[in-house]
Amino acid sequence: MTAVATPAGAVSRNTVDWHAINWHNAHTIVRRLQARLVKATQMGRWGKVQALQRLLTHAFSAKVLALDPIAETLAEPNSYGFRLERSPADAIAQCHRVLSLRWSAQWILEGDIRSGFDSISHDWLLANIPMEKAILRQWLTAGFMDKHVLSPTATGVPQGGIASPVLMNLTLNGLERHIRGAFPRFQGSQRTKVHVLRFADDCIITGRTRAFLEQEVSPRVEPLLSARGLELSHAKTRITHIEDGFDCLGTHVRTYHGKLVCTPAKKNVHAFLEAIRHLVKRQKQATAGQLIMQLNPVIRGWAQSQQHGASKRTFATVDHHIFTLL
């Protein structure tokens, strides 16, 4: 038998003919349920949220699409990773906004969470994530397969799991509010210059001095993470002056002669050129046309990801390397 999208909340037990699904109807049903979920979440009606979630998780239409209305409703303004309509370019643009002004912060705490996806506390997720507990518990403890070997998941969420990015964002929601709430715009007559920007499990926190970030901000971050089973990596977490610059999402952010410049990071460029070299070496027997078809999507994708900063000089260098290689 062929299954079609059923009314919201109805459970279909028929055999599914994927190509016969009424996708327009499925999208309409899910969007309507998601809109109701958003309104209930905004109003704090958690009983209604649970009822709607049960409808959503058991409806046939929802089972064939992705689901994250609550995560988007609860998300913080400067969270960019794994979210609809947001990209690394948006995160870099926000970096530029908060660091390019004459009175902007000069010091940056680069926070890196140790094994973020693998360490999230299941107990914290079950107590705090607003979704059906039985389904969440089963998903968290289901384990994962790698090369036909089943590995248990006693903590954390599997990287690559379809729900893992949403759960990571929900876990780290509150970090920005916590830090901004602890440090208002002014402390006495001094600006705190505190801004928080997060992309998945990496975060950047700005502040007026190194001592301020070390002694006041960092101690506020660690207890919040600890309650969720997480901790900062002391090897990768560092405090940097803006004149020395820092790498963020493949982009190097640094002040040159008083002007903030965002350029492609050297590590990012080297990794891209290495990928191009490997691709060309693997295609030694290919015709010129076949090689071009292999190279163009890779080059285009990288260029589009780096075009938003001061990348003209880097593009010229990369162009020269690729031309010489070919």
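Up top you'll find the structure we're talking about.
Residues numbered from 1 in each chain as written. Predicted model: local features only at pLDDT ≥ 70, side-chain atom pairs only at ≥ 80, totals over all residues. Heavy atoms only, no water.

### Thoughts on helix 12 (residues 266–282)
Threshold: Note on conventions: DSSP H or I runs of at least 4 residues are helices, E runs of at least 2 residues are strands, and numbering of each starts at the N terminus. Helices are assigned an expected span. That span is 1.5 Å times one less than the residue count. Whether two residues are in contact is decided by their heavy atoms: any pair within 4.5 Å suffices.
The end-to-end C-alpha distance of helix 12, which contains 17 residues, comes to 24 Å, matching closely the 24 Å that a straight helix rising 1.5 Å per residue would cover. Those residues of helix 12 that are buried lie in contact with strand 11 (259–264), helix 13 (288–306) and helix 14 (312–325).

### A look at the environment of K284
The condition is simple: Note on classification: 1.4 Å probe, protein chains only; a residue is buried when its accessible area is under 20% of the maximum for its type, exposed when over 50%, partly exposed between these limits.
Among the secondary structure elements, K284 is positioned in the loop between helix 12 and helix 13. Taking the relative accessible area as the measure of exposure, K284 reaches 65% and is therefore exposed. Along the backbone, K284 and V194 are 90 residues apart, and their C-alpha atoms lie at a distance of 53 Å.

### A few points about helix 11 (residues 210–227)
The end-to-end C-alpha distance of helix 11, which contains 18 residues, comes to 26 Å, matching closely the 26 Å that a straight helix rising 1.5 Å per residue would cover. Turning to helix 11, its buried residues number three or more, namely F212, L213, V217, S218, V221, L224 and L225. Residues of helix 11 that are buried make contact with strand 1 (107–112), helix 9 (164–172), helix 10 (175–182), strand 4 (186–187), strand 7 (202–207) and strand 8 (238–241). Among the residues trailing helix 11, G229 stands out with phi positive, at a value near 85 degrees.

### Some thoughts on the packing of aromatic side chains
This is how it is decided: The pairing test for Phe, Tyr and Trp rings, Trp by its six-membered ring, is centres within 6.5 Å, and the orientation test on the planes gives stacked under 30 degrees, edge-to-face over 60, and tilted for anything in between. As a reminder, the over-ring test applies to NZ of lysine and CZ of arginine, requiring each to be within 6 Å of the ring centre and within 35 degrees of the ring normal.
Under the definition given, this model contains four aromatic pairs. A centroid spacing of 6.3 Å and a plane angle of 80 degrees characterise the contact between F82 and F117, whose relative ring orientation is edge-to-face. Taken together, the positions of F82 in the loop between helix 4 (69–74) and helix 5 (88–99) and F117 in helix 6 (residues 116–119) put the pair 35 residues apart, joining distant regions of the chain. Considering the side-chain rings of F272 and W302, the 4.4 Å spacing of their centres and the 10 degrees angle between planes classify their relative orientation as stacked. Placement of the pair is F272 in helix 12 and W302 in helix 13, with a sequence separation of 30 residues. Ring pairing ties together the aromatic residues F272, W302 and F315, which thus form one cluster. Here the basic side chain of R86 rests over the ring of Y80, its NZ or CZ set 5.0 Å away from the ring centre.

### Overview of the nonpolar core
How we decide: Buried Ala, Val, Leu, Ile, Met, Phe, Trp, Tyr and Cys residues form a nonpolar core when they are joined through side-chain atoms within 4.5 Å.
If you look at the biggest cluster of nonpolar residues, it comprises 33 residues, and the most contacted ones within it are I179, I205 and L225. Secondary-structure elements contributing two or more residues to this core are strand 1, helix 7 (122–128), helix 8 (133–140), helix 9, helix 10, strand 7 and helix 11. Excluding residues that lie within four positions of it along the chain, I179 makes contacts with V194, V196, I205, V217, R220 and V221. In terms of nonpolar packing, the next biggest core, distinct from the first, is built from 17 residues, I92, C95, F246 and L260 among them.

### A few points about the environment of L99
Positionally, L99 belongs in helix 5. Relative accessible area serves as the criterion here: at 4%, L99 is assigned to the buried category. Between the C-alpha atom of L99 and that of K193, which follows or precedes it by 94 residues, the distance is 9.6 Å. Beyond its immediate chain neighbours, meaning those up to four positions away, L99 contacts S104, A105, I108, T206, I242, F246, V253 and L260.

### Focus: the sheet that holds strand 10 (residues 251–256)
Stated precisely, the cut-off is as follows: Here the rule is simple: two strands pair whenever DSSP picks up at least two bridges between them. In this analysis an axis means a line fitted to C-alpha atoms, helices contributing only their contacting stretch, and an angle means the value between N-to-C directions, from 0 to 180 degrees.
Strand order in this open sheet of three strands is 9-10-11, and the pairing throughout is antiparallel. The sheet terminates laterally at strand 9 (246–248) and strand 11, the two strands that pair on one side only. Between one strand axis and the next, the sheet turns by 30 degrees as a mean value, whatever way the strands run. Pairing analysis gives three bridges linking strand 9 to strand 10, with the strands arranged antiparallel. Of the residues in strand 10, the one forming a bridge with D247 is H252. In this fold helix 5 packs onto strand 9, strand 10 and strand 11, with an angle of close to 160 degrees to the strand it touches most, strand 11.

### What to know about the pattern of salt bridges
Note the cut-off: Should a side-chain nitrogen of Lys or Arg be within 4 Å of a carboxyl oxygen of Asp or Glu, the pair is scored as a salt bridge.
Under the criterion given, the structure shown has five salt bridges. A salt bridge links E231 to R114; the shortest N-O distance between them is 3.0 Å. Taken as a pair, E231 in the loop between helix 11 and strand 8 and R114 in the loop between strand 1 and helix 6 lie far apart in primary sequence, 117 residues in all. A relative accessible area of 42% places E231 in the partly exposed class. The class for R114 is partly exposed, based on a relative accessible area of 36%.

### Section: the sheet that holds strand 8
Taken in spatial order, the four strands of this open sheet run 6-7-1-8, and their pairing is antiparallel. Two strands bound the open sheet, and with one partner strand each, they are strand 6 (195–199) and strand 8. Going from strand to strand, the sheet's axes swing by 20 degrees on average, the running direction of each strand aside. Across six bridges, strand 1 lies against strand 7 in antiparallel orientation. Bridge assignment links E110 to a residue of strand 7, and that residue is I204. Against the sheet, helix 11 engages strand 1, strand 7 and strand 8, with an angle of about 135 degrees to strand 7.

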